[in-house]
Protein chains: 2
Amino acid sequence: MSIRDIKFNIDPNSKTPLWLQIKNELFDCLEKEVLKPGQLMPNEKTLVELFNVSIGTVRKAIGVLENEGILIRKQGLGTFVCQHDDHSFLFKYFHIVHHDSDERHIPEVECVSFELKDASDKEIDVLNIPKENNKVISIYNKLAFQGKVHSADKIVISAAKFPLLNEEIFINRHNTVYNLYQNKFNVFIAKCSERVRAIPAPVNVAKMLGIKANSPILKISRVGFTYHDEAVELRTSYVNTSEIEYIRQQYSTVG
Amino acid sequence: MSIRDIKFNIDPNSKTPLWLQIKNELFDCLEKEVLKPGQLMPNEKTLVELFNVSIGTVRKAIGVLENEGILIRKQGLGTFVCQHDDHSFLFKYFHIVHHDSDERHIPEVECVSFELKDASDKEIDVLNIPKENNKVISIYNKLAFQGKVHSADKIVISAAKFPLLNEEIFINRHNTVYNLYQNKFNVFIAKCSERVRAIPAPVNVAKMLGIKANSPILKISRVGFTYHDEAVELRTSYVNTSEIEYIRQQYSTVG
DNA sequence: AAGTGGTCTAGACCACCAT
DNA sequence: TGGTGGTCTAGACCACTTA
């Protein structure tokens, strides 16, 4: 199914602005996998014909989707559906740097365990786990720089949303975890919220990090959301900041 | 000096887009205090005449400044210069919440000390302290919720950039620190970067926070920047997260 | 009712990228 | 060279706010 074959219904008399109607239609195409990450969009002239509006209106809709990080325009080339890759991932979701340096590096990731288990009450609630398949996939990873482990990550996702995901697929992915979600399961993590605390390292975590129990570490609890604010991933990171730091940058516009 | 009296030189033959030239000119007005926080901008028709371009071009320039959080448009009212106030501050720069709650509250702030001192080498470097006035203002604050202290903040700013700032003015401000910077000294903090670590509480900090020495706490090192990426504030927060958490939210667009 | 920003049109021309 | 997005124009009409 190509986007060119779809009959769109844009209503010029609706109280919803045309550009918003178009944005929503393109959005639906992403959800229905008519548009896929990395794909080239039809050019603006074609979209003008598909939606039967003027080019400025199409550009407004695309501009908003670009600002939201969903599409990317490349002059002379075309407009593409964004995808998580190593580079963008590095700057969007990866917030660990060495002391005395601003360089970000892809960490070495080692999967420690991969389990299918019953969802806890909290997981059922936050991840909206269906009753007919109340399983979650629970994964532990160790992250390292130059062989030196700095973080232990626990990832929890709904088995229902990631059908057929198994340890082999997870370990043999050729890219980031978010890229895997996106390309194999059409789950695009568009935003996330994090809560950070300083805690004494529990014994099992201290062992994974190779530090003494009760050493101060960061506990970062992240919830990853789709475009539609649907929570799809719970990630808990335990970070030893004795040699690395957790960073954030922001503009005054962002909440 | 009103913006209406300025003779702007917009060059239609420049390789710089008109909208960018206009954006830069408006920017300069902010720096030169021709436009001040909270002020109403001239309407779009007037700007069209001032810059001698079409309305779409003016709107593009304003739109970008709005996205950057510098201007805000209100339909039926006009376009205003943004200012830090309690509400926006709460959502832009304030990242502390109670456990089990997403509510953000303005903390109670108590100034512990206010000193004028020689800048350290690091402060000279980062804050670009001038040789002819190598003093910095160093302030310690305690932050609390409902009387319960959760953070100790150290603020370091250049004395040269905040002339005549003294303890009385600082303590008797009627708004946030950032609002004070902006309204009294024309310093607008437009973005900031933070580095977070978990450390054992030093004795003096533990005393301020009312906890045992060596308890795990967050150390948050923030650098505040102006529009032009000029570092103007160093802030170090020591946070006891036993009852509160540090949060962040972000969209995939933001780095 | 008057004034503001918000939406939308129907083009023109330019800058960039691939071949 | 042909195709793409980027910039810009000169309006028209709508929705919202205040008075």
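Please refer to the structure higher up on the page.
Criteria and cut-off values
Throughout this description, residue numbers start from 1 for each chain and increase along the sequence as written. Chains and ligands are labelled sequentially in the order written, the chains with letters from A and the ligands with numbers from 1. With pLDDT at 70 or above as the cut-off, local features in this predicted model cover only qualifying residues; side-chain atom pairs require 80 or more to be listed or tallied, and sums for whole chains, interfaces and linings still use all residues. Processing note: side-chain calculations cover all non-hydrogen atoms of the structure and skip hydrogens and water entirely. Any residue with at least one heavy atom within 4 Å of a molecule or strand is counted as near it. Any pair of N or O atoms that falls within 3.5 Å is considered a polar contact. Within protein, one atom must be able to donate a hydrogen and the other to accept it, and sequence-neighbouring residues count only if both atoms are side-chain atoms. We count a stretch as a helix when DSSP gives it H or I for four or more residues in a row; a strand needs E for two or more, and each element gets its number in order from the N terminus. In this classification, the charged set is Asp, Glu, Lys and Arg, the nonpolar set is Ala, Val, Leu, Ile, Met, Phe, Trp, Tyr, Cys and Pro, and all remaining amino acids, among them Gly, are polar. Axis lines are fitted through C-alpha atoms, for helices just across the contact stretch, and the angle between N-to-C directions can take any value from 0 to 180 degrees. In this scheme, roughly parallel covers angles under 35 degrees and roughly antiparallel covers those over 145, while 65 to 115 is roughly perpendicular and the rest are oblique. Note on definitions: a residue-residue contact is assigned when non-hydrogen atoms from the two residues lie within 4.5 Å. What we call a nonpolar core is a set of buried Ala, Val, Leu, Ile, Met, Phe, Trp, Tyr and Cys residues that are connected through their side-chain atoms within 4.5 Å. Exposure categories follow from relative accessible area, calculated using a 1.4 Å probe and restricted to protein chains: below 20% of the type maximum is buried, above 50% is exposed, and the middle band is partly exposed. Under the pairing criterion, centres of Phe, Tyr and Trp rings, with the six-membered ring standing for Trp, must be within 6.5 Å; the plane angle then separates stacked pairs below 30 degrees from edge-to-face pairs above 60, leaving the rest tilted. Put simply, a charge is over a ring when the Lys NZ or the Arg CZ is close to the ring centre, within 6 Å, and near the line of the ring normal, within 35 degrees. Residue count minus one, scaled by 1.5 Å, sets the expected span of a helix. Note on convention: near helix rotated counterclockwise from far helix by under a right angle means a left-handed crossing. Clockwise means right-handed. We define a salt bridge as a contact between a side-chain nitrogen of Lys or Arg and a carboxyl oxygen of Asp or Glu at a distance within 4 Å.

Looking now at the protein's contact with DNA strand C. In the region of DNA strand C, 21 residues are neighbours, and L18, W19, S54 and T57 of chain A together with N43 of chain B sit closest. For DNA strand C, the backbone portion of the atoms within 4 Å of the protein, that is sugar and phosphate, comes to 81%. Contacts to DNA strand C include E44 of chain B, whose backbone N or O atom sits 3.0 Å from a phosphate oxygen. Between R59 of chain B and DNA strand C, the recorded distance is 3.0 Å, taken from a side-chain N or O atom to a phosphate oxygen. For the surface near DNA strand C, the secondary structure elements donating two or more residues are α1 (18-31) and α3 (55-67) of chain A together with β1 (71-74) and β2 (78-81) of chain B. In terms of residue count, the dominant contributor to the surface near DNA strand C is α3 of chain A (3 residues). Its residues assigned to classes, the surface near DNA strand C shows 7 nonpolar, 9 polar and 5 charged.

So, on to the packing of helix α2 (residues 44-51) of chain B against helix α3 (residues 55-67) of chain B. Residue and element names in this part refer to chain B. Relative orientation of the contacting elements α2 and α3 amounts to 105°, with a least axis distance of 9 Å. In terms of orientation, α2 lies roughly perpendicular with respect to α3. Residues E44, L47 and V48 of α2 form the contact with α3, whose own contacting residues are I55, V58, R59 and I62. Partitioning the contact of α2 with α3 into residue classes produces 5 nonpolar, no polar and 2 charged.

With that settled, consider the nonpolar core. Counting residues in each nonpolar core, the largest one holds 27 residues, and the members touching the most others are L26, L35 and F51 of chain A. For this core, the secondary-structure elements that each account for two or more residues are α1, α2 (44-51) and α3 of chain A. The element contributing the most residues to this core is α1 of chain A, with 5 residues. Ignoring sequence-local partners within four residues, the contact set of L26 of chain A consists of I3, L35, M41, F51 and L65 of chain A. If you look at the next biggest cluster of nonpolar residues, it comprises 26 residues, including I10, L26, C29 and L35 of chain B.

Quick look at the environment of R4 of chain B now. Residues and elements named next belong to chain B. If you trace the backbone, R4 turns up in the segment before α1 (18-31). Along the primary structure R4 and M41 are separated by 37 residues, whereas in three dimensions their C-alpha atoms are 9.9 Å apart. When residues no more than four places from it in sequence are discounted, the contact partners of R4 are P42, T46 and L50.

Taken together, 21 residues surround DNA strand D, and among them N43 of chain A together with L18, W19, S54 and T57 of chain B come closest. The sugar and phosphate moieties of DNA strand D supply 81% of its atoms located within 4 Å of the protein. S54 of chain B places a polar main-chain atom, nitrogen or oxygen, 2.8 Å from a phosphate oxygen of DNA strand D. At 3 residues, α3 of chain B tops the list of elements feeding residues into the surface near DNA strand D.

Using the criterion set out here, one finds 10 aromatic pairs over all chains in the structure. Aromatic side chains F8 of chain B and F51 of chain B sit 4.6 Å apart centroid to centroid with 40° between the ring planes, which places their arrangement in the tilted category. Of the two residues, F8 of chain B sits in the segment before α1 while F51 of chain B sits in helix α2, which places them 43 residues apart along the sequence. The buried category is assigned to F8 of chain B, whose relative accessible area is 6%. On the basis of relative accessibility, which here comes to 3%, the residue F51 of chain B falls in the buried class. Here the aromatic residues F162, Y178, Y181 and F185 of chain A are joined through ring pairs into a cluster of three or more. Here R173 of chain A stacks its cationic end above the ring of F170 of chain A, 4.7 Å away from the centre of that ring. One residue, K60 of chain B, lies across the ring of W19 of chain B, its end atom 4.8 Å from the ring centre.

To continue, consider unusual backbone geometry. Phi is positive for L164 of chain B, close to 70°, though the residue is something other than glycine. Along the polypeptide, L164 of chain B turns up in the loop between β6 (148-158) and α6 (167-171).

Quick look at α3 of chain A now. Residues and elements named next belong to chain A. Given a rise of 1.5 Å per residue, 13 residues ought to cover 18 Å, and the 18 Å separating the end C-alpha atoms of α3 matches this to within 8%. The complete set of buried residues in α3 reads T57, V58, A61, I62, G63, V64 and L65. On its buried side, α3 packs onto α1, α2, β1 (71-74) and β2 (78-81). Positive backbone phi, approximately 80°, marks G69, located one or two places after α3.

Moving on: the packing of α1 of chain B against α3 of chain B. Residues and elements named next belong to chain B. Here α1 crosses α3 at 55°, and the two axes come no closer than 8 Å. Comparing their axes, α3 and α1 come out oblique. Between α1 and α3 the crossing geometry is right-handed. Facing α1, whose interface residues are L18, W19, I22, K23, L26 and F27, α3 presents T57, K60, A61, V64 and L65. For the contact of α1 with α3, a count of residues per class yields 8 nonpolar, 1 polar and 2 charged.

What follows covers the pattern of salt bridges. Using the criterion set out here, one finds 20 salt bridges over all chains in the structure. For K161 of chain A, the salt bridge is made with E230 of chain A, and the minimal N-O distance between the two is 3.4 Å. A residue pair is termed long-range when its members are at least 10 positions apart, and K161 of chain A in the loop between β6 (148-158) and α6 (167-171) and E230 of chain A in the loop between β8 (216-225) and β9 (231-239) qualify at 69 residues. Overall, E230 of chain A belongs to the partly exposed group, its relative accessible area being 35%. Salt-bridge contacts for E66 of chain B lead to R73 of chain B; the nearest nitrogen and oxygen are separated by 3.4 Å. The network of salt bridges with shared partners includes D153, E233 and R235 of chain A.

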